Amino acid sequence: MRGRSLRGALALLVACGAIGTMSVAESAEPKPRWVLVLHGGAGSIPGDSPDDIRNGYENGIRQAMDVGVRLLEEGRPAVDVVAEVVVSLEDSPIFNAGKGSVFTAAGGHELDACIMDGSTMGSGAVAGVKRLKNPIRAARLVMDNTRHLLLAGDGADEFAIAAGCDEVDQSYFFTSRRFHALNRYLRENNQPPLKSPAYALPKGVTIEPDFADKPGNTVGCVALDVHGNLAAATSTGGLNGKMYGRVGDTPIVGAGTYANKFCAASGTGIGEQFMRHTACTKVAWLVEQGQSTQDAVEHCLTKVLNPGDGGIIAIDANGRVTAQSTTGSMPHAIADSSGRRDIGIWMEK
Ligand code: ASP
């Protein structure tokens, strides 16, 4: 069965190549007890990247996958699992979420995150937070402890810190590669580059030499647990060089993150496009109408969004998954209770 579905997946890959979408997918037969999919952001990581870059992505993805696999094996609910997987990705400096977040044009960091429990339609999100080590934990607290769905800015920071979330200084988010990426963006847009971030660097931390790095690397996770529940979570530093105050699709339910009893989806890419088209809701709705996650995501990425806008991971209630992107790369992992453990950066492999 696995061989046949794997061949089917390869055929789909070839078919998708013709329309400029890279994908990995496999129908789950028989239905696995649990399934996990995660992404490390749509982008254009060069295929000839040095080993340390490739290993950095793969290790970050593997570590997060291992967290999710352990929790799902323990029988934990999907909503807990997606949160903990995203925490692991937020703590890695390689991804554009938590520790490695990109810079705003003003030289600071503003982070967005959202979580949704498909079994209850409960959801929580934070936008434009500046002092939280793990914005996804704050999103979870908004869902669990408030009557609201989205908190933004200072109110979100203060609420989460009062509720026990780890507080950090803006300099916690600093990485040289993101600082150079900001300055490249500013130069390309005829704006003067910054000499330093908008905050003081911690003692001993210096801006290391430039290396050509590509922006991207928002993180997300979807899961089906042993109880049959679906959940989704997404976290990001947003777009490189974004305006101070800009909020993207990630914390907007239905745009960058969505889950119901039919489908869970997490998106990454140009947030304005995902918001305009409520991309993740559209995927879930198509799945509810009977489409496979593969077809629903492909439709959304190629017929609704523009080629190059981004990528989406999705899972349905039968454990059928897809991870697709119309950009050059999207680090991702797919794992399930049958022992599947697939990790990739470029989906053609
Ligand atoms: N979608 C994110 C945003 O627009 C960025 C990304 O996925 O790279 O904020």
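Provided above is the structure to which this section pertains.
For every chain, the first residue of the written sequence is number 1, and numbering continues from 1 onward in sequence order. Given that this is a predicted model, residues contribute local features only at a pLDDT of at least 70 and side-chain atom pairs are listed and counted only at 80 or more, while totals for whole chains, interfaces and linings are drawn from all residues. Derived side-chain values reflect all non-hydrogen atoms in the structure, with water molecules and hydrogen atoms excluded from consideration.

Some words on the state of the cysteines
No. 1: To count as a disulfide, a pair of cysteine sulfur atoms needs to be within 2.5 Å. For the structure on display, the rule yields zero disulfides.
No. 2: Cysteine 280 provides the cysteine sulfur closest to cysteine 114, a residue in no disulfide bond, and the two sulfurs are 9.5 Å apart.
No. 3: Burial classification: accessible surface area is computed with a 1.4 Å probe over protein chains only, and a residue below 20% of its type maximum counts as buried, one above 50% as exposed, and the rest as partly exposed. You can call cysteine 114 buried: its relative accessible area is 0%.

Let's talk about the sheet that holds strand β12 (residues 332-336)
No. 1: Across the sheet, eight strands lie side by side as β5-β4-β3-β7-β6-β2-β12-β13; this open sheet has mixed pairing. Of all strands in the sheet, those bounded by a partner on one side alone are β5 (150-152) and β13 (341-344). For this sheet the average axis-to-axis angle between neighbouring strands, irrespective of direction, equals 5°.
No. 2: Pairing between strands is defined by DSSP: at least two bridges between the two strands are required. Under the scheme used here, helices are H or I runs from DSSP no shorter than 4 residues and strands are E runs no shorter than 2 residues, and both carry numbers assigned from the N terminus. With six bridges connecting them, strand β3 (residues 111-117) and strand β4 (residues 122-129) associate as antiparallel partners. Residue pairing across strands places methionine 116 opposite serine 123, the latter belonging to β4.
No. 3: Any pair of residues with heavy atoms lying within 4.5 Å of one another is described as a contacting pair. Note on geometry: axes are lines fitted to C-alpha atoms, helical ones only across the stretch in contact, with angles between N-to-C directions running from 0 to 180 degrees. Relative to the sheet, helix α4 (residues 135-145) contacts β3, β4, β5 and β7 (230-236), its axis offset from that of β4 by approximately 135°.

A look at the site of the ligand
No. 1: We define proximity as follows: a residue is near a molecule or strand when any one of its heavy atoms falls within 4 Å of that partner. In the neighbourhood of the ligand, the contacting residues comprise Thr218, Thr236, Gly238, Leu239, Arg246, Gly248, Asp249, Thr268, Gly269 and Gly271.
No. 2: In the model, an oxygen atom of the ligand is placed 2.9 Å from a nitrogen or oxygen of the threonine 268 side chain.
No. 3: Between glycine 271 and the ligand, the recorded distance is 3.0 Å, taken from a backbone N or O atom to an oxygen atom.
No. 4: All accessible areas in this document rest on Shrake-Rupley with a 1.4 Å probe, and a residue is counted as covered only by the protein chains that are shown. Within the complex, the protein chains bury 97% of what would otherwise be the 270 Å² of accessible surface of the ligand.
No. 5: Per-class residue counts for the shell around the ligand are one nonpolar, seven polar and two charged. Polar contacts here mean pairs of N or O atoms no more than 3.5 Å apart (in protein, one a potential hydrogen donor and the other a potential acceptor; neighbouring residues in sequence count only if both atoms are side-chain atoms). Polar here means any residue other than Ala, Val, Leu, Ile, Met, Phe, Trp, Tyr, Cys and Pro, which are nonpolar, and Asp, Glu, Lys and Arg, which are charged; Gly is therefore polar.

Some thoughts on the environment of glycine 248
No. 1: Position of glycine 248 among the secondary structure elements: in the loop between β7 and β8 (257-259).
No. 2: Judged by its relative accessible area of 2%, glycine 248 is buried.
No. 3: In sequence terms glycine 248 and glycine 238 are 10 residues apart; their C-alpha atoms lie 6.3 Å from each other.
No. 4: Apart from the residues within four sequence positions on either side, glycine 248 is in contact with Asp112 and Met275.

A look at the pattern of salt bridges
No. 1: A carboxyl oxygen of Asp or Glu within 4 Å of a side-chain nitrogen of Lys or Arg is what we treat as a salt bridge. Tallied over the full model, the rule gives 11 salt bridges.
No. 2: Across the pair glutamate 74 and arginine 70 runs a salt bridge, and its minimum N-O distance is 3.8 Å.
No. 3: Given a relative accessible area of 46%, arginine 70 falls into the partly exposed group.
No. 4: For arginine 246, the salt bridge identified is with glutamate 272, shortest N-O distance 2.9 Å. Of this pair, arginine 246 sits in the loop between β7 and β8 while glutamate 272 sits in helix α7 (residues 271-276), and the two are 26 residues apart along the sequence.
No. 5: Here arginine 246 falls in the buried class, since its relative accessible area comes to 13%.
No. 6: Residues joined by salt bridges that share partners form a network here, namely Arg76, Asp80, Arg140 and Asp144.

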